[in-house]
Amino acid sequence: MNATDRTPADLLRSALAADPARPLVTFYDDATGERVELSVATFANWVAKTANYLQGDLAAEPGDRLALLLPAHWQTAVWLLACSSVGVVAEVGGAPSAADLVVSGPDHLDAARGCSGERVALALRPMGGRFPQTPEGFTDYAVEVPSQGDRFVPFAPVDPGAPALVVDGEELTGAAITERAVADAAAGGMPQAPRVLSGLAYDSWQGLSHGLYAPLATGGSVVLCRHLEQLGAEGTAARETSEKTTFTVTTPRS
(Lines give C-alpha, C1' and ligand atoms only; values in the text may rest on other atoms or scores of the structure.)
Protein backbone atom coordinates (compact mmCIF):
# COMPACT_ATOMS: atom_id res chain seq x y z
CA MET A 1 0.00 0.00 0.00
CA ASN A 2 1.37 3.41 -0.99
CA ALA A 3 0.86 6.57 1.02
CA THR A 4 -1.38 7.93 -1.74
CA ASP A 5 -3.71 4.90 -1.76
CA ARG A 6 -7.00 6.04 -0.25
CA THR A 7 -9.54 3.67 -1.80
CA PRO A 8 -9.61 0.02 -2.88
CA ALA A 9 -9.40 1.20 -6.49
CA ASP A 10 -6.17 3.02 -5.60
CA LEU A 11 -4.80 -0.20 -4.10
CA LEU A 12 -5.50 -2.07 -7.31
CA ARG A 13 -3.80 0.60 -9.43
CA SER A 14 -0.71 0.40 -7.23
CA ALA A 15 -0.67 -3.40 -7.43
CA LEU A 16 -0.93 -3.19 -11.21
CA ALA A 17 1.98 -0.76 -11.40
CA ALA A 18 4.14 -2.86 -9.07
CA ASP A 19 3.75 -6.35 -10.56
CA PRO A 20 0.93 -6.95 -13.04
CA ALA A 21 1.85 -10.61 -13.62
CA ARG A 22 1.62 -11.88 -10.06
CA PRO A 23 -1.46 -13.84 -8.95
CA LEU A 24 -4.06 -11.79 -7.10
CA VAL A 25 -7.23 -13.92 -6.86
CA THR A 26 -7.33 -17.70 -7.14
CA PHE A 27 -10.91 -18.95 -6.89
CA TYR A 28 -12.15 -22.46 -6.10
CA ASP A 29 -15.71 -23.73 -6.05
CA ASP A 30 -15.48 -27.07 -4.30
CA ALA A 31 -19.05 -27.94 -5.22
CA THR A 32 -18.23 -27.91 -8.94
CA GLY A 33 -14.45 -28.41 -9.10
CA GLU A 34 -13.91 -25.00 -10.71
CA ARG A 35 -10.55 -23.28 -10.32
CA VAL A 36 -9.76 -19.87 -11.78
CA GLU A 37 -6.56 -17.88 -11.27
CA LEU A 38 -6.42 -14.19 -12.08
CA SER A 39 -3.24 -12.17 -12.18
CA VAL A 40 -3.30 -8.54 -11.09
CA ALA A 41 -3.46 -7.53 -14.75
CA THR A 42 -6.33 -9.88 -15.61
CA PHE A 43 -8.29 -8.92 -12.52
CA ALA A 44 -7.75 -5.21 -13.20
CA ASN A 45 -8.95 -5.73 -16.77
CA TRP A 46 -12.20 -7.28 -15.53
CA VAL A 47 -12.59 -4.40 -13.07
CA ALA A 48 -12.07 -1.80 -15.80
CA LYS A 49 -14.61 -3.46 -18.10
CA THR A 50 -17.13 -3.76 -15.27
CA ALA A 51 -16.60 -0.15 -14.17
CA ASN A 52 -17.12 1.04 -17.76
CA TYR A 53 -20.33 -0.98 -17.93
CA LEU A 54 -21.47 0.38 -14.58
CA GLN A 55 -20.72 4.00 -15.42
CA GLY A 56 -21.64 3.92 -19.10
CA ASP A 57 -24.38 1.43 -19.89
CA LEU A 58 -25.99 1.45 -16.44
CA ALA A 59 -25.51 5.22 -15.94
CA ALA A 60 -24.42 4.76 -12.32
CA GLU A 61 -23.03 7.81 -10.53
CA PRO A 62 -21.03 8.38 -7.33
CA GLY A 63 -23.30 7.90 -4.35
CA ASP A 64 -25.69 5.53 -6.10
CA ARG A 65 -26.54 2.41 -4.11
CA LEU A 66 -25.99 -1.05 -5.60
CA ALA A 67 -27.46 -4.10 -3.89
CA LEU A 68 -24.86 -6.85 -4.33
CA LEU A 69 -26.51 -10.27 -4.03
CA LEU A 70 -23.52 -12.50 -4.78
CA PRO A 71 -21.54 -15.13 -2.83
CA ALA A 72 -17.80 -15.19 -2.22
CA HIS A 73 -16.66 -15.44 -5.84
CA TRP A 74 -14.02 -13.88 -8.07
CA GLN A 75 -16.71 -11.99 -9.97
CA THR A 76 -18.00 -10.54 -6.70
CA ALA A 77 -14.50 -9.25 -5.99
CA VAL A 78 -14.52 -7.64 -9.44
CA TRP A 79 -17.81 -5.89 -8.75
CA LEU A 80 -16.58 -4.59 -5.38
CA LEU A 81 -13.56 -2.97 -7.02
CA ALA A 82 -15.64 -1.69 -9.94
CA CYS A 83 -17.99 0.03 -7.51
CA SER A 84 -14.99 1.59 -5.78
CA SER A 85 -13.69 2.80 -9.15
CA VAL A 86 -16.95 4.58 -10.00
CA GLY A 87 -17.86 5.75 -6.50
CA VAL A 88 -20.95 3.57 -6.23
CA VAL A 89 -21.84 2.27 -2.77
CA ALA A 90 -21.81 -1.54 -2.75
CA GLU A 91 -24.40 -2.82 -0.28
CA VAL A 92 -23.54 -6.48 0.31
CA GLY A 93 -26.80 -8.36 0.68
CA GLY A 94 -28.64 -5.04 0.50
CA ALA A 95 -32.39 -4.67 -0.03
CA PRO A 96 -33.06 -4.41 -3.78
CA SER A 97 -36.18 -2.32 -3.20
CA ALA A 98 -34.06 0.42 -1.60
CA ALA A 99 -31.23 0.29 -4.15
CA ASP A 100 -30.66 2.23 -7.36
CA LEU A 101 -29.54 -0.95 -9.10
CA VAL A 102 -28.99 -4.59 -8.26
CA VAL A 103 -26.45 -7.25 -9.19
CA SER A 104 -27.58 -10.79 -8.46
CA GLY A 105 -26.45 -14.37 -8.76
CA PRO A 106 -28.83 -17.13 -9.82
CA ASP A 107 -29.97 -17.86 -6.25
CA HIS A 108 -31.43 -14.41 -5.57
CA LEU A 109 -33.14 -13.39 -8.80
CA ASP A 110 -36.63 -13.34 -7.29
CA ALA A 111 -35.54 -10.95 -4.55
CA ALA A 112 -33.57 -8.85 -7.04
CA ARG A 113 -36.73 -8.16 -9.02
CA GLY A 114 -37.72 -5.84 -6.18
CA CYS A 115 -35.32 -3.24 -7.55
CA SER A 116 -36.98 -0.65 -9.78
CA GLY A 117 -33.65 0.32 -11.36
CA GLU A 118 -31.19 -1.58 -13.54
CA ARG A 119 -30.89 -5.31 -12.82
CA VAL A 120 -27.84 -7.35 -13.74
CA ALA A 121 -27.64 -11.13 -13.40
CA LEU A 122 -24.54 -13.30 -13.12
CA ALA A 123 -24.74 -17.01 -13.91
CA LEU A 124 -21.55 -17.69 -11.88
CA ARG A 125 -20.69 -20.46 -14.31
CA PRO A 126 -17.11 -21.62 -14.89
CA MET A 127 -14.95 -19.25 -16.95
CA GLY A 128 -17.49 -16.46 -16.48
CA GLY A 129 -20.05 -18.19 -18.70
CA ARG A 130 -23.42 -16.71 -19.56
CA PHE A 131 -26.93 -17.96 -18.78
CA PRO A 132 -28.36 -20.41 -21.33
CA GLN A 133 -31.30 -17.98 -21.39
CA THR A 134 -31.12 -14.51 -19.86
CA PRO A 135 -33.49 -14.22 -16.87
CA GLU A 136 -36.50 -12.06 -17.61
CA GLY A 137 -36.07 -8.49 -16.44
CA PHE A 138 -32.25 -8.68 -16.26
CA THR A 139 -29.22 -8.11 -18.42
CA ASP A 140 -26.62 -10.88 -18.48
CA TYR A 141 -23.27 -9.64 -17.18
CA ALA A 142 -21.36 -12.21 -19.22
CA VAL A 143 -22.98 -10.93 -22.42
CA GLU A 144 -22.58 -7.21 -21.78
CA VAL A 145 -19.14 -6.85 -20.19
CA PRO A 146 -16.61 -8.50 -22.56
CA SER A 147 -17.04 -5.76 -25.18
CA GLN A 148 -16.43 -2.94 -22.70
CA GLY A 149 -13.23 -0.89 -22.73
CA ASP A 150 -10.07 -2.19 -21.08
CA ARG A 151 -9.24 1.16 -19.48
CA PHE A 152 -11.45 3.07 -17.10
CA VAL A 153 -11.55 6.77 -16.26
CA PRO A 154 -14.29 7.99 -13.90
CA PHE A 155 -16.47 10.87 -15.03
CA ALA A 156 -15.97 12.41 -11.57
CA PRO A 157 -13.17 11.89 -9.02
CA VAL A 158 -14.04 9.41 -6.28
CA ASP A 159 -14.05 10.93 -2.79
CA PRO A 160 -12.19 8.63 -0.34
CA GLY A 161 -14.30 10.04 2.48
CA ALA A 162 -17.62 9.17 0.85
CA PRO A 163 -19.56 5.99 1.64
CA ALA A 164 -18.26 3.05 -0.39
CA LEU A 165 -19.44 -0.18 1.25
CA VAL A 166 -22.24 -1.43 3.45
CA VAL A 167 -21.79 -4.86 4.98
CA ASP A 168 -23.56 -6.46 7.93
CA GLY A 169 -25.28 -3.14 8.68
CA GLU A 170 -22.06 -1.11 8.82
CA GLU A 171 -21.26 1.67 6.34
CA LEU A 172 -17.61 2.27 5.45
CA THR A 173 -15.89 4.93 3.37
CA GLY A 174 -13.25 4.04 0.80
CA ALA A 175 -10.55 5.36 3.13
CA ALA A 176 -11.90 3.31 6.04
CA ILE A 177 -11.83 0.14 3.93
CA THR A 178 -8.15 0.54 3.11
CA GLU A 179 -7.17 1.54 6.65
CA ARG A 180 -9.07 -1.32 8.26
CA ALA A 181 -7.73 -3.84 5.78
CA VAL A 182 -4.14 -2.94 6.66
CA ALA A 183 -4.98 -3.02 10.37
CA ASP A 184 -6.65 -6.44 10.01
CA ALA A 185 -3.55 -7.88 8.35
CA ALA A 186 -1.35 -6.65 11.18
CA ALA A 187 -3.72 -7.67 13.97
CA GLY A 188 -4.26 -11.11 12.47
CA GLY A 189 -0.56 -11.80 12.13
CA MET A 190 -0.50 -12.03 8.33
CA PRO A 191 3.06 -12.22 7.00
CA GLN A 192 4.43 -9.71 4.53
CA ALA A 193 2.78 -10.03 1.10
CA PRO A 194 0.58 -12.87 2.37
CA ARG A 195 -1.02 -15.57 0.28
CA VAL A 196 -4.28 -15.98 2.16
CA LEU A 197 -6.53 -19.02 1.93
CA SER A 198 -10.03 -17.88 2.88
CA GLY A 199 -13.11 -20.03 3.27
CA LEU A 200 -15.20 -17.18 4.67
CA ALA A 201 -18.38 -15.94 3.06
CA TYR A 202 -18.56 -12.39 1.75
CA ASP A 203 -21.45 -11.50 4.07
CA SER A 204 -19.30 -9.90 6.79
CA TRP A 205 -16.47 -7.39 7.00
CA GLN A 206 -14.11 -10.13 8.12
CA GLY A 207 -14.96 -12.23 5.08
CA LEU A 208 -14.40 -9.30 2.73
CA SER A 209 -11.23 -8.19 4.47
CA HIS A 210 -9.52 -11.58 4.59
CA GLY A 211 -10.96 -12.64 1.25
CA LEU A 212 -10.01 -9.52 -0.73
CA TYR A 213 -9.10 -6.21 0.86
CA ALA A 214 -6.31 -7.19 3.30
CA PRO A 215 -4.33 -9.24 0.74
CA LEU A 216 -4.75 -6.44 -1.80
CA ALA A 217 -3.64 -3.76 0.67
CA THR A 218 -0.52 -5.66 1.74
CA GLY A 219 0.83 -6.73 -1.63
CA GLY A 220 -0.47 -10.27 -1.27
CA SER A 221 -2.99 -12.56 -2.92
CA VAL A 222 -6.00 -14.62 -1.93
CA VAL A 223 -7.07 -18.19 -2.54
CA LEU A 224 -10.83 -17.71 -2.25
CA CYS A 225 -12.67 -20.96 -1.60
CA ARG A 226 -16.42 -21.40 -1.91
CA HIS A 227 -17.86 -24.56 -0.32
CA LEU A 228 -14.49 -25.26 1.29
CA GLU A 229 -16.22 -27.36 3.96
CA GLN A 230 -16.64 -30.09 1.37
CA LEU A 231 -12.88 -30.70 1.40
CA GLY A 232 -12.53 -31.48 5.08
CA ALA A 233 -9.39 -30.86 7.10
CA GLU A 234 -7.16 -33.13 5.03
CA GLY A 235 -8.25 -31.60 1.73
CA THR A 236 -7.81 -28.08 3.08
CA ALA A 237 -4.29 -28.91 4.24
CA ALA A 238 -3.47 -30.30 0.81
CA ARG A 239 -4.70 -27.08 -0.82
CA GLU A 240 -2.59 -24.99 1.54
CA THR A 241 0.41 -26.95 0.35
CA SER A 242 -0.40 -26.92 -3.36
CA GLU A 243 -1.24 -23.21 -3.40
CA LYS A 244 1.71 -22.29 -1.13
CA THR A 245 -0.50 -20.25 1.17
CA THR A 246 1.00 -18.48 4.17
CA PHE A 247 -2.14 -17.61 6.12
CA THR A 248 -5.44 -19.48 6.45
CA VAL A 249 -8.85 -18.51 7.77
CA THR A 250 -11.72 -20.94 7.43
CA THR A 251 -14.03 -19.86 10.25
CA PRO A 252 -14.84 -16.36 11.55
CA ARG A 253 -12.45 -15.13 14.22
CA SER A 254 -13.59 -13.33 17.35
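Below you will find a few notes about this structure. (Residues numbered from 1 in each chain as written. Predicted model: local features only at pLDDT ≥ 70, side-chain atom pairs only at ≥ 80, totals over all residues. Heavy atoms only, no water.)

## As for the overall build of the protein chain
So, point 1. Each helix and strand in the protein chain was counted, giving 8 helices and 12 strands.
So, point 2. Dimensions along the principal axes, computed over C-alpha positions, put the protein chain at roughly 45 × 40 × 35 Å.
So, point 3. For the protein chain, the proportion of its 254 residues judged to be buried stands at 54%.
So, point 4. By element, 50% of the accessible surface of the protein chain is carried by carbon and sulfur atoms, the whole surface being about 10,900 Å².
So, point 5. The protein chain carries 17 positive and 30 negative side-chain charges, and their two centres are separated by 5 Å. (Helix = DSSP H or I, 4+ residues; strand = E, 2+ residues; numbered from the N terminus. Buried < 20%, exposed > 50% of the residue type's maximum accessible area, 1.4 Å probe, protein only. Areas by Shrake-Rupley, 256 points an atom, 1.4 Å probe, with all protein chains shown as cover. Lys, Arg positive; Asp, Glu negative; His and termini not counted. Charge placed at Lys NZ, Arg CZ, Asp CG, Glu CD.)

## Quick look at the layout of surface pockets
So, point 1. Approximately 360 Å³ is the volume found for the largest pocket.
So, point 2. Around the largest pocket, the lining is made up of 15 residues, and of these Arg 13, Leu 16, Ala 44, Ala 48 and Phe 152 lie nearest the centre.
So, point 3. Secondary-structure elements contributing two or more residues to the lining of the largest pocket are helix H1 (8-18) and helix H2 (40-57).
So, point 4. Per-element accounting of the lining of the largest pocket gives the leading share, 6 residues, to H2.
So, point 5. In terms of residue class, the lining of the largest pocket is made up of 10 nonpolar, 2 polar and 3 charged.
So, point 6. Here the second largest pocket is characterised by a volume of approximately 240 Å³.
So, point 7. Forming the walls of the second largest pocket are 18 residues, and the residues nearest its centre are Leu 70, Pro 71, Ala 72, Ala 201 and Tyr 202.
So, point 8. Secondary structure elements with two or more residues in the lining of the second largest pocket: strand S3 (65-69) and strand S11 (221-226). (1 Å grid on protein atoms, 1.4 Å probe; cavity = no way out; pocket = protein on both sides within 12 Å on 5 of 7 lines; lining within 4 Å. Points joined across faces, edges and corners; volume = space filled by probe spheres on them. Nonpolar A, V, L, I, M, F, W, Y, C, P; charged D, E, K, R; others polar.)

## Digging into the environment of Arg 119
So, point 1. Topologically, Arg 119 is positioned in strand S6 (residues 118-121).
So, point 2. Sequence separation of Arg 119 and Leu 109 is 10 residues, and the distance between their C-alpha atoms is 9.3 Å.
So, point 3. Beyond its immediate stretch of four places on either side in the chain, Arg 119 contacts Val 102, Ala 112, Arg 113, Gly 137, Phe 138 and Thr 139.
So, point 4. A distance of 3.3 Å separates a polar atom in the side chain of Arg 119 from the backbone oxygen of Arg 113. (Contact = heavy atoms within 4.5 Å. Polar contact = N/O pair within 3.5 Å; in protein donor to acceptor, adjacent residues only side chain to side chain.)

## Things to note about the sheet that holds strand S7 (residues 139-140)
So, point 1. Ordered in space as S7-S6-S5-S3-S4-S8-S9, the 7 strands form an open sheet in which the pairing is mixed. One side of each edge strand has no neighbouring strand; the edge strands of this open sheet are S7 and strand S9 (170-173).
So, point 2. Across 4 bridges, the pairing between S3 and strand S5 (residues 101-104) is parallel. Looking across to S5, one finds that Leu 69 is bridged to Ser 104.
So, point 3. Contacts from helix H7 (residues 205-217) reach strand S4 (89-92), strand S8 (163-167) and S9 within the one sheet, and its direction differs from that of S8 by about 120°. (Pairing = 2+ DSSP bridges. Axes fitted to C-alpha atoms, helices over the stretch in contact; angles between N-to-C directions.)

## Re unusual backbone geometry
So, point 1. If you check the backbone angles, Ala 59 has positive phi at about 55° while not being a glycine.
So, point 2. Here Ala 59 shows up in the loop between H2 and S3.

## Observations regarding the sheet that holds S11
So, point 1. The 5 strands lie next to each other as S2-S1-S11-S10-S12, forming an open sheet whose pairing is mixed. Both outer strands of the open sheet, strand S2 (34-39) and strand S12 (247-249), are each paired with one neighbouring strand and no more. The mean angle between the axes of side-by-side strands here comes to 15°, regardless of whether they run parallel or antiparallel.
So, point 2. In the sheet, strand S10 (residues 195-198) pairs with S12 via 3 bridges, with the strands oriented parallel. Of the residues in S12, the one forming a bridge with Leu 197 is Thr 248.
So, point 3. On top of the sheet, helix H3 (residues 74-86) reaches strand S1 (23-29), S2 and S11; it is set at about 35° to S2, its chief contact.

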